[in-house]
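Letter by letter, the chains look like this.
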Amino acid sequence: MIGSFTFESLPCRVIFGSGTLGAAADEIKRFGGKRSLVLTTPQQEAEGRRLGASLGSLFTGIFAGATMHTPVEITDQALIAMKELDADCVVSLGGGSTTGLGKALALRTGVNQLCIPTTYAGSEMTPILGETKDGLKTTVRTNDVLPETVIYDVDLTLSLPASLAATSGINAIAHAVEALYARDRNPVVSLMAEEGIRALADALPSIIATPGDREARSQALYGAWLCGVCLGTVGMALHHKLCHTLGGTFDLPHAETHTIVLPHAVAYNAPLVPDAVARIARAIGASDAAQGLYDLARRLNAKLALRDIGMPESGIDKAAELAVTNAYWNPRPLERNAIRDLIAHAWSGAAPVATKVAS
Ligand code: NAD
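Note that the structure is a prediction, hence the values are computed from the model and not measured.

Analysis parameters
Residues numbered from 1 in each chain as written. Predicted model: local features only at pLDDT ≥ 70, side-chain atom pairs only at ≥ 80, totals over all residues. Heavy atoms only, no water. Pairing = 2+ DSSP bridges. Helix = DSSP H or I, 4+ residues; strand = E, 2+ residues; numbered from the N terminus. Axes fitted to C-alpha atoms, helices over the stretch in contact; angles between N-to-C directions. Contact = heavy atoms within 4.5 Å. Buried < 20%, exposed > 50% of the residue type's maximum accessible area, 1.4 Å probe, protein only. Polar contact = N/O pair within 3.5 Å; in protein donor to acceptor, adjacent residues only side chain to side chain. Patch = residues over 30% accessible without salt bridge, like charges linked within 9 Å, V, L, I, M, F, W, Y side chains within 5 Å. Areas by Shrake-Rupley, 256 points an atom, 1.4 Å probe, with all protein chains shown as cover. Salt bridge = Lys/Arg side-chain N within 4 Å of Asp/Glu carboxyl O.

J.: I'm lost on the sheet that holds strand 3 (residues 59-63) in this one. Help?
T.: To summarise the sheet geometry, strands pair through backbone hydrogen bonds and adopt either a parallel or an antiparallel arrangement. If you trace the 6 strands from one edge of the open sheet to the other, you get 1-8-5-4-2-3, paired in parallel fashion. The outermost strands of the open sheet, each flanked by one partner alone, are strand 1 (13-17) and strand 3. Looking at each pair of strands side by side, their axes are set apart by 15 degrees on average, direction ignored. In terms of strand pairing, strand 2 (residues 36-39) meets strand 4 (residues 89-94) through 4 bridges, oriented parallel. Bridge pairing links Leu37 to Val90 in strand 4. Sheet strands touched by helix 3 (residues 72-85): strand 2, strand 3 and strand 4. Its angle to strand 3, the strand with the most contacts, is close to 160 degrees. In the packing of helix 4 (residues 96-109) onto the sheet, contacts are made with strand 2, strand 3, strand 4 and strand 5 (112-117), and the angle to strand 4 comes to roughly 165 degrees.

Listed below in structure tokens is the structure:
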């Protein structure tokens, strides 16, 4: 039987394909933009300038200072640039860091955004903005930060190093995994989630083997889009909260942390969500979802242990404490000892272990 559910789709126009960057000027005109500011990181400044040149009179300048975690000081600098250049819209070309800056500017000024993602982070599909000020992170959820238009161009992802594609791809899979057992899950998002996991799990090993494989890059970007929709539409649970806590407390890299923790979070929740784990296993072509995700990360040569990305062993207890003190919804209640075991396994890089659910 299909239970009751609420489904709310978020407004956004998506252009997907190869060579779709060429549609940027028309898309800016479509929402009435006349003077666009291109946003990007210092590492992608050259691509940003090339895009600007292709926009002709619709381009007013570039701000190439986007960085991780959307610090408000950077947003303030970008606001000054916007004002000086009299920009009336932004074009964000890059990964989640650049998308975050575009969202922060839209929140403050109401400008329209054309977003052109070049990683699989998925932020362009979410009404969520995380910002940092004096090292503290705040998160807002409002449709005001949603881009008007998103252009996915597979050509732009070919330069994403295969190792980054692997962890960014598993970060995306994590959104879909948690969507399948979200409290507010619904059949439409679950379809997208399973398809998103399938597309990425198929594509990522091919990208590692042949980084220039356009078909695989295209599948991965398609999967990342679907997984981004999942993140933007339904609530997340233990895995995302744990990664947030670990990343914030020990300053760990975002996508690699997700890659390491995901199999363990799935093993923890598995006994309570058999339908979801069956769908995950089917999507990755494994007999067990948690072990299958661990094996996938290993095939991608990704790091498997939190100790290898900078977490101290002494942090295991602290992380377990933090994970259970900030109460949040999860399909399986948060059990202090089992959560500690989960983190200890992720720290050492051992295979995921199903723990007995407390009665
Ligand atoms: P990123 O945007 O920081 O990019 C990492 C590096 O890779 C940057 O130097 C970037 O310039 C470079 N890069 C990006 N695409 C490239 C390409 N195709 N070729 C070569 N280099 C490329 O990393 P990310 O993982 O995409 O984003 C992480 C950030 O996004 C975090 O701050 C995270 O919190 C945020 N995020 C937010 C949401 C949300 O819904 N608000 C969702 C996911 C992630």
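Moving on from the coordinates now.
J.: Would you take a moment to explain the side chain of Ser168 for this structure?
T.: Along the chain, the position of Ser168 falls in helix 6 (residues 162-180). Owing to a relative accessible area of 9%, Ser168 belongs among the buried residues under this scheme. Polar side-chain contacts of Ser168 include one of 3.0 Å to the backbone nitrogen of Tyr120. Excluding its chain neighbours within four sequence positions, the residues that come into contact with Ser168 are Thr119, Tyr120, Ala121 and Ala255.

J.: Help me understand a nonpolar patch on the surface, please; the structure alone is not making it clear to me.
T.: Judged by side-chain polarity, Ile2, Phe5, Phe7 and Val188 come together as a nonpolar surface patch covering roughly 370 Å² of accessible area. Assignment of secondary structure puts Phe5 in the segment before strand 1.

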